[in-house]
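# Examination of the molecular architecture
Here is what each chain is made of, one letter per residue.
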Number of protein chains: 2
Amino acid sequence: MRVLGIDPGSRVTGFGIIDLAGQAHSYVASGCIKTPPGATLPERVKALLDGIAQVVDTYRPQLAAVEIVFVNVNPQSTLMLGQARGAVLAALVSAGLPIAEYTALQVKQAVVGNGHADKDQVSHMVQRLLRLSGTPQSDAADALAVALAHAQHSGGIAGRLQQHGLSIRRGRLS
Amino acid sequence: MRVLGIDPGSRVTGFGIIDLAGQAHSYVASGCIKTPPGATLPERVKALLDGIAQVVDTYRPQLAAVEIVFVNVNPQSTLMLGQARGAVLAALVSAGLPIAEYTALQVKQAVVGNGHADKDQVSHMVQRLLRLSGTPQSDAADALAVALAHAQHSGGIAGRLQQHGLSIRRGRLS
């Protein structure tokens, strides 16, 4: 199962792709879609649609996991972020991908084990869990974290047992 | 020139189509795209994409005019409305339509002549300007008003003169 994680933003949208096989996961790709500064909203929506379509065409993910965005202190920023996220969801729906949604709290809890972890801790754990040689860019790291959160949540019984330090071998708990 | 006016909403998105020929405009169609209550956000985004694609396929507009939405008192509602509007813009961009954006103030100013007109006044003037036999549904009326606002703004010199009670005949002002 190939998962596309997305961290939507009005200026920069991070993406991260991982492959899941049972409990194992491996890094495939990550990066950012930037919308041109000074562009109109329709132009930015187009940049997001084109960027996501290109990522989907190149890497052929089977599912998308998208971070549920925050309400910002600035209502106008909240509106802009909402519009960017709506465009991202539209691009994924158009590509026919099933979509899972996770809050920042769920993502941090899954990756760091602490829902209130800071950005550096998330980035550090993403690098460790995916055995990356360097630190990924902040928005790309967040997107990879969303994909990893999906990996944990979709682990089913085996995943849940593993969270409690248990596993199934030859039909028995061990 | 056929214009598709849109009033985006998180539950109901109104659409209204008018034909423009010089200073004349005529009603083509209007209605609402409703998103299923209780549906997930990706499901609602899909309903919006499918609804707009169907309207575009059926009526073949050449331009879309979309209302710039308000910041709501409730930040969570602002976020939801933003996401709906982002999906609407994505659907229009995907359809290859040029997009013009108008604030509610501009729309009301154009249709009623008062930026602070209430919904009933807008609905009444839409019915009058488009010579409709009945009152259109509220969201459809708002969408038709957005299309009419574009008609006025795109009228160029002739449109601006007309706003001042002037017109050009045989190359002279009259």
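Parameters at a glance
- Residues numbered from 1 in each chain as written.
- Chains lettered and ligands numbered in written order.
- Predicted model: local features only at pLDDT ≥ 70, side-chain atom pairs only at ≥ 80, totals over all residues.
- Heavy atoms only, no water.
- Helix = DSSP H or I, 4+ residues; strand = E, 2+ residues; numbered from the N terminus.
- Buried < 20%, exposed > 50% of the residue type's maximum accessible area, 1.4 Å probe, protein only.
- Contact = heavy atoms within 4.5 Å.
- Areas by Shrake-Rupley, 256 points an atom, 1.4 Å probe, with all protein chains shown as cover.
- Core = buried A, V, L, I, M, F, W, Y, C linked by side-chain atoms within 4.5 Å.
- Buried area = accessible area lost by both parts, 1.4 Å probe.
- Salt bridge = Lys/Arg side-chain N within 4 Å of Asp/Glu carboxyl O.
- UniProt positions renumbered as here; feature names shortened; annotations may be inferred.
- Axes fitted to C-alpha atoms, helices over the stretch in contact; angles between N-to-C directions.
- Left-handed = near helix turned anticlockwise from the far one by under 90°.
- Nonpolar A, V, L, I, M, F, W, Y, C, P; charged D, E, K, R; others polar.

## Looking at the overall build of chain A
The number of helices and strands found in chain A is six helices and seven strands. Along its sequence from the N terminus, chain A presents helices and strands in the succession β-β-β-α-β-α-β-α-α-α-α-β-β. Sorting the 174 residues of chain A into buried and exposed places 49% on the buried side. Put simply, of all contacts in chain A between residues at least 6 apart along the chain, 57% involve residues at least 24 apart. For chain A, the computed accessible surface area is about 8,600 Å², with 52% contributed by carbon and sulfur atoms.

## Focus on the nonpolar core
Ranked by size, the top nonpolar core spans 49 residues in total, and within it A:Leu4, A:Leu92, B:Leu4 and B:Leu92 carry the most contacts. In terms of residues, this core owes the most to one element, helix 2 (residues 75-94) of chain A, which gives nine residues. Those residues in contact with A:Leu4 that sit more than four places away from it in its chain are A:Phe15, A:Gly16, A:Ile17, A:Val55, A:Val56, A:Pro61, A:Leu63, A:Ala64, A:Ala65, A:Leu92 and A:Leu97.

## Here's the deal with the side chain of B:Thr78
By the secondary structure assignment, B:Thr78 is in helix 2 (residues 75-94). By relative accessible area, which is 1% here, B:Thr78 ends up buried. Ignoring sequence-local partners within four residues, the contact set of B:Thr78 consists of A:Pro75, A:Thr78, A:Leu79, B:Val71 and B:Asn72.

## Notes on the interface of chain A and chain B
Taken together, the contacts link 23 residues of chain A with 23 residues of chain B. Here chain A packs against chain B, burying approximately 1,800 Å² in sum over the two surfaces, 79% of which is carbon and sulfur. Joining chain A to chain B, the criterion identifies zero salt bridges. Among the elements of the structure, helix 1 (41-59), helix 2 and strand 5 (99-103) of chain A are those that each provide at least two residues to the side of chain A that touches chain B. Looking at the side of chain A that touches chain B, the element that brings in the most residues is helix 2 of chain A, giving 13 residues.

## Quick look at the UniProt feature "active site" (unreviewed entry) in chain A
All names here are of chain A. Under the UniProt annotation, "active site" (unreviewed entry) lies at Asp7, Glu67 and Asp139. In three dimensions, the annotated residues from a span of 133 residues occupy one location, with a maximal C-alpha spread of 11.5 Å. With respect to the helices and strands, the residue Glu67 is situated in strand 4 (residues 63-68). Judged by relative accessible area, which is 10%, Glu67 ranks as buried. Setting aside its immediate chain neighbours within four residues, Glu67 contacts Ile6, Asp7, Pro8, Arg85, Tyr102, Ala104, Val107 and Val146. By secondary structure assignment, the location of Asp139 is in helix 5 (residues 138-153). The residues contacting Asp139, other than those within four sequence positions of it, are Asp7, Val12, Gly14 and Cys32.

## Examining the packing of helix 4 (residues 119-129) of chain A against helix 5 of chain A
All names here are of chain A. It is at 9 Å that the axes of helix 4 and helix 5 come closest, and there the two elements cross at 65°. When you trace helix 4 past helix 5, the crossing you get is left-handed. Contacts from Lys119, Val122, Ser123, Val126 and Leu129 in helix 4 reach Ser138, Ala141, Asp142, Leu144, Ala145 and Leu148 in helix 5. Grouping the amino acids of the contact of helix 4 with helix 5 by side-chain chemistry returns seven nonpolar, two polar and two charged.

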